[in-house]
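For reference, the chains in residue letters:
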Amino acid sequence: MKKWIFWTVMCVVSLLNGGFFGGASFQAMRQGLDGVDNQAALIFIPFLWVVAAFVLILLNGYTLIRGVSIKREQIICLTDVFRLSGLSGRAKAGRITFIVAAILLMLFGYGLFAGEALWAVAYALSGGALLLFLYAWQGAAIRGAGG
C-alpha cells in the first residue's frame, strides 16, 4: 500500500481495536465478573476508556509525525514482517522475537475478555493487526530516513 493509505488503514485498525476494547469492557462492567468479590471495582472501567482514548490519540499522532520521514512513493507491505530470507542473524532474531511477543500479547488480550468469546477474538486479532501495522510503519520510517 502507499504510505498515506497504509496510515489511514492503520488508524482505522487502531480505532477498531479501541472500539473492541470499549465494547468488551462495557460488557464486563454490565455483567460483572465471576469469582470477583468486589464488583464495585468495575466502576474504574470508564477511567480505562479515557486512558485508551488518550493512547489512541498519541499513537495515531506519533505515527503521523513518524510518517513524514517515509518517502511518498514508498510501498509498505504487511507481509514483509514475515519474510526472513536475506536478513542477518540478528535481524531474524529480532523479527522472530517481535512475532512471538505479538502472539503472546494477542493471547493476553484474548484472556482479558475470554468470557465473551466474540469480543475477545475481535480485540485480540485487531490488536495483533495493529502491532503488525506499527512494525511495518516503523520499518518503513527507518528505511525512509536512510537507517
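None of these values were measured; they are calculated from a predicted model. (Residues numbered from 1 in each chain as written. Predicted model: local features only at pLDDT ≥ 70, side-chain atom pairs only at ≥ 80, totals over all residues. Heavy atoms only, no water.)

A. Molecular detail of the overall build of the chain. Counting secondary structure elements, the chain contains four helices and zero strands. Its helices and strands taken in sequence order, the chain reads α-α-α-α from the N to the C terminus. Once the C-alpha set of the chain is aligned to its principal axes, its extents read approximately 55 × 30 × 20 Å. Within the chain, buried positions represent 31% of all 147 residues. When contacts within the chain are restricted to residue pairs at least 6 apart in sequence, those whose partners lie at least 24 apart make up 74%. Put simply, the chain shows about 9000 Å² of open surface, and 73% of that area lies on carbon and sulfur atoms. Here the chain contributes 11 positive and 5 negative side-chain charges, whose respective centroids are spaced 22 Å apart. (Helix = DSSP H or I, 4+ residues; strand = E, 2+ residues; numbered from the N terminus. Buried < 20%, exposed > 50% of the residue type's maximum accessible area, 1.4 Å probe, protein only. Contact = heavy atoms within 4.5 Å. Areas by Shrake-Rupley, 256 points an atom, 1.4 Å probe, with all protein chains shown as cover. Lys, Arg positive; Asp, Glu negative; His and termini not counted. Charge placed at Lys NZ, Arg CZ, Asp CG, Glu CD.)

B. Region of interest: the pattern of salt bridges. The tally for this structure, following the rule as stated, stands at one salt bridge. Close ionic contact of Asp-80 with Arg-83 constitutes a salt bridge, the shortest N to O distance being 2.1 Å. Classification of Asp-80 by relative accessible area gives partly exposed; the value is 31%. Using a relative accessible area of 45% as the deciding quantity, one classes Arg-83 as partly exposed. (Salt bridge = Lys/Arg side-chain N within 4 Å of Asp/Glu carboxyl O.)

C. Representation of the packing of aromatic side chains. Evaluated as defined, the whole model comprises ten aromatic pairs. With a centroid separation of 5.8 Å and 45° between ring planes, the pair formed by Phe-21 and Tyr-123 is classed as tilted. Placement of the pair is Phe-21 in helix H1 (residues 3–31) and Tyr-123 in helix H4 (residues 117–144), with a sequence separation of 102 residues. Just as Phe-21 is buried, Tyr-123 falls in that class too. When the centroid spacing of 4.2 Å and the interplanar angle of 25° are considered together, the rings of Phe-98 and Tyr-135 count as stacked. Placement of the pair is Phe-98 in helix H3 (residues 89–112) and Tyr-135 in helix H4, with a sequence separation of 37 residues. A relative accessible area of 27% means that Tyr-135 is categorised as partly exposed. (Phe/Tyr/Trp six-rings, centres within 6.5 Å; stacked < 30°, edge-to-face > 60°.)

D. Fine view of the nonpolar core. Counting 17 residues, the largest nonpolar core has Phe-6, Met-10, Ile-70, Ile-76 and Trp-137 as the members making the most contacts within it. Put simply, the parts of the chain that give this core at least two residues each are H1, H3 and H4. Looking at this core element by element, the count peaks at seven residues for H4. For Met-10, the contacting residues outside a window of four places in its chain are Thr-63, Leu-130, Phe-133, Leu-134 and Trp-137. Counting five residues, the second largest nonpolar core, distinct from the first, contains Phe-21, Ala-24, Phe-113 and Tyr-123. (Core = buried A, V, L, I, M, F, W, Y, C linked by side-chain atoms within 4.5 Å.)

E. Inspection of the layout of surface pockets at higher detail. As a volume, the largest pocket reaches approximately 430 Å³. Asn-17, Phe-21, Tyr-123, Gly-127 and Leu-130 are, among the 20 residues lining the largest pocket, the residues nearest its centre. Contributions of two or more residues to the lining of the largest pocket are made by H1, helix H2 (45–66), H3 and H4. In the lining of the largest pocket, the residues fall into 15 nonpolar, five polar and no charged. (1 Å grid on protein atoms, 1.4 Å probe; cavity = no way out; pocket = protein on both sides within 12 Å on 5 of 7 lines; lining within 4 Å. Points joined across faces, edges and corners; volume = space filled by probe spheres on them. Nonpolar A, V, L, I, M, F, W, Y, C, P; charged D, E, K, R; others polar.)

F. Looking closely at a nonpolar patch on the surface. On the surface, a nonpolar cluster with roughly 830 Å² of combined accessible area is contributed by Ile-43, Phe-44, Phe-47, Leu-48, Val-51, Phe-54, Val-55 and Leu-58. By secondary structure assignment, the location of Phe-47 is in helix H2. By relative accessible area, which is 54% here, Phe-47 ends up exposed. (Patch = residues over 30% accessible without salt bridge, like charges linked within 9 Å, V, L, I, M, F, W, Y side chains within 5 Å.)

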